[in-house]
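# What the coordinates show
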Amino acid sequence: AAMASAKVDVVGGIKFARNGSYRLPTRTVKPSAETGSCFDTTRVGTRVAAPGSHTVTPSSASTGGFGAASSTSKPKTDKFLRRGMGTGGTHDAGLASTAARRRASGAAAASSAAPPRAGATRRRANPPTSALRRAYERGDLPVAIMQSVTNKLSWKVKVETLDLAHYLPLFCDGLREVEEPYRFIAEEGVYDLLLRSPLPKVLACVPVIVVPLKTALNTRIPSVIKRVLKILQTLVECGNLIGEALVPFYRQLLPVLAIFKNKKKNLGDAMDYRPDDGIGELIDETLEKLEVTGGPDAFVNIKYLVPTYESCIH
């Protein structure tokens, strides 16, 4: 009220009153479309789908097998055998094939709707709720991004002195991120921790990183799957015992690989000069490295989960 009654001077967008009071200009900040945030902090709603989750299509199940009562339906007339659609009690091959074609044409005309797609390779939910994102926005990570021609990750402490059981699962959980800079921090951080940490510490962390890797694979995003496959190849190359330590966890990691194994490029006699391999070729390369480093029981477990895999040793 005092501001409205007094004379106002505007300097630099700020309204100053002659009585000494002032008012700052206000503006509306539009939230980010990806994170829902006006600032550097990701804000998500209360109802967020779990990463890698999917919706189950409801279907009416028959309850006749679970009790004495059974549900029956009246047959429709389009299922009846009509004139000219039978074989007349004969075993003539030509007559039988003609009748089969007539029945097939009648069934196709009756049911024109195609069955729904299974959607095994369809992308699944990937909300921005990774532990790496929360830790980075709080300032809990001892890293900084060095901006240059090729960005690098600068560690504020020595990597050898870090608690690998805490930081390695944290960075592995960020492998499912597709937004910058979280994707870059997660990928580079995992490589630095694996290559610069002693082998006993990496070997002890194998069981705790299986769940974040499985969550990233379950998103069914091709770029995320390729990222995880390259991390797995680097992991088994860190030492001789790591490949054998991964064998009990094949049930969590390999089912998604079996779905995307046949996603390959058929170029005929042409040549693809792009450096990035297809997801099918990368899966074959990863499975071969798992078999080579996994010991005598690796092939049996891989074959159980990926039936189309052929051994590169035997």
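Shown above is the structure to which this text applies.
Residues numbered from 1 in each chain as written. Predicted model: local features only at pLDDT ≥ 70, side-chain atom pairs only at ≥ 80, totals over all residues. Heavy atoms only, no water.

## Looking at the overall build of the protein chain
Cut-off, in case you're wondering: The secondary structure listing takes helices from DSSP runs of H or I that are at least 4 residues long and strands from runs of E that are at least 2 residues long, numbered from the N terminus. Between buried and exposed lies partly exposed: a residue is buried under 20% and exposed over 50% of the maximum accessible area for its type, with that area taken using a 1.4 Å probe on protein chains only. Should any heavy atoms of two residues lie within 4.5 Å, those residues are counted as being in contact.
On a plain count of helices and strands, the protein chain comes out with 12 helices and five strands. Burial analysis of the protein chain (314 residues in total) assigns 32% to the buried set. Sequence-distant contacts, at least 24 apart, represent 63% of the contacts inside the protein chain between residues at least 6 apart.

## Focus: the packing of helix 10 (residues 250-260) against helix 12 (residues 298-305)
This is how the line gets drawn: Between N-to-C directions, angles span 0 to 180 degrees; the directions come from axes that are lines fitted to C-alpha atoms, helices contributing only their stretch in contact. Oblique is the label for any angle not under 35 degrees, not over 145, and not in the 65 to 115 range, which are roughly parallel, roughly antiparallel and roughly perpendicular in turn. Crossing handedness is defined as follows: a turn of the near helix away from the far one that is anticlockwise and smaller than a right angle gives a left-handed crossing, while the clockwise case is right-handed. Note that Gly is not counted as nonpolar here; it falls among the polar residues with everything else outside the nonpolar set of Ala, Val, Leu, Ile, Met, Phe, Trp, Tyr, Cys and Pro and the charged set of Asp, Glu, Lys and Arg.
Their axes nearest at 9 Å, the elements helix 10 and helix 12 cross at an angle of 50°. Put simply, helix 10 runs oblique to helix 12. Classified by chirality, the crossing of helix 12 by helix 10 is right-handed. For the pair helix 10 and helix 12, contact is made by Tyr250, Arg251, Leu254 and Ala258 and by Ala298, Asn301, Ile302, Tyr304 and Leu305, respectively. Counted by class, the contact of helix 10 with helix 12 contains seven nonpolar, one polar and one charged residues.

## Regarding the environment of valine 211
Tracing the sequence through the fold places valine 211 in helix 7 (residues 206-218). Using a relative accessible area of 56% as the deciding quantity, one classes valine 211 as exposed. Along the sequence, valine 211 and proline 169 sit 42 residues apart, while their C-alpha atoms lie 8.6 Å from each other.

## Looking at the packing of aromatic side chains
For any pair of aromatic rings, the description rests on two quantities: the centre-to-centre distance and the angle between the ring planes. Note the cut-off: Note on aromatic pairs: the rings of Phe, Tyr and Trp (six-membered ring only in Trp) are paired at centre separations within 6.5 Å, and the planes decide the class, stacked below 30 degrees, edge-to-face beyond 60, tilted for the rest.
Applying the stated criterion across every chain, the model contains three aromatic pairs. Pairing tyrosine 136 with tyrosine 182 gives two aromatic rings, centres 5.9 Å apart and planes at 90°, and the pair type is edge-to-face. Within this pair, whereas tyrosine 136 is found in helix 3 (residues 131-138), its partner tyrosine 182 is found in helix 5 (residues 182-196), the two being separated by 46 residues in sequence. Here tyrosine 136 falls in the partly exposed class, since its relative accessible area comes to 31%. In this structure tyrosine 182 comes out as buried when scored by relative accessible area, which is 8%. Residues tryptophan 155 and phenylalanine 171 carry aromatic rings whose centres are separated by 5.7 Å and whose planes lie at 45° to one another, so their mutual orientation is tilted. Residue tryptophan 155 is found in strand 5 (residues 152-155), and its partner phenylalanine 171 is found in helix 4 (residues 164-173); the two are separated by 16 residues along the sequence. Considered together, tryptophan 155 and phenylalanine 171 belong to a single accessibility category, that of buried residues.

## Focus on the pairing of strand 5
Note the following rule: Strand pairing follows a simple DSSP-based rule, namely that at least 2 bridges must link the two strands.
Residues of strand 5 alternate between two faces, with Leu153 and Trp155 buried on one and Lys152 and Ser154 left unburied on the opposite face. The pairing of strand 4 (residues 143-146) with strand 5 spans four bridges and is antiparallel. The residue of strand 5 that forms the bridge with alanine 144 is serine 154. Hairpin connection of strand 4 to strand 5: five residues between the antiparallel strands.

## Details of the pattern of salt bridges
Here is the rule: Salt bridges are identified by distance alone: a Lys or Arg side-chain nitrogen within 4 Å of an Asp or Glu carboxyl oxygen.
Counted according to the given criterion, the structure contains 10 salt bridges. Aspartate 284 is the partner of lysine 261 in a salt bridge, and the nearest nitrogen-oxygen pair spans 3.3 Å. One end of the pair, lysine 261, is in the loop between helix 10 and helix 11 (279-293); the other, aspartate 284, is in helix 11, and 23 residues separate them in sequence. Each of the two residues, lysine 261 as well as aspartate 284, counts as buried. In this structure, glutamate 310 and lysine 303 form a salt bridge, with 3.7 Å as the shortest nitrogen-oxygen distance.

## Overview of the state of the cysteines
For the record, the criterion: Two cysteine sulfurs form a disulfide in these notes if their separation is within 2.5 Å.
Enumeration according to the criterion identifies zero disulfides in this entry. Between cysteine 172, a cysteine without a disulfide, and cysteine 205, which holds the nearest cysteine sulfur, the sulfur-to-sulfur distance is 9.2 Å.

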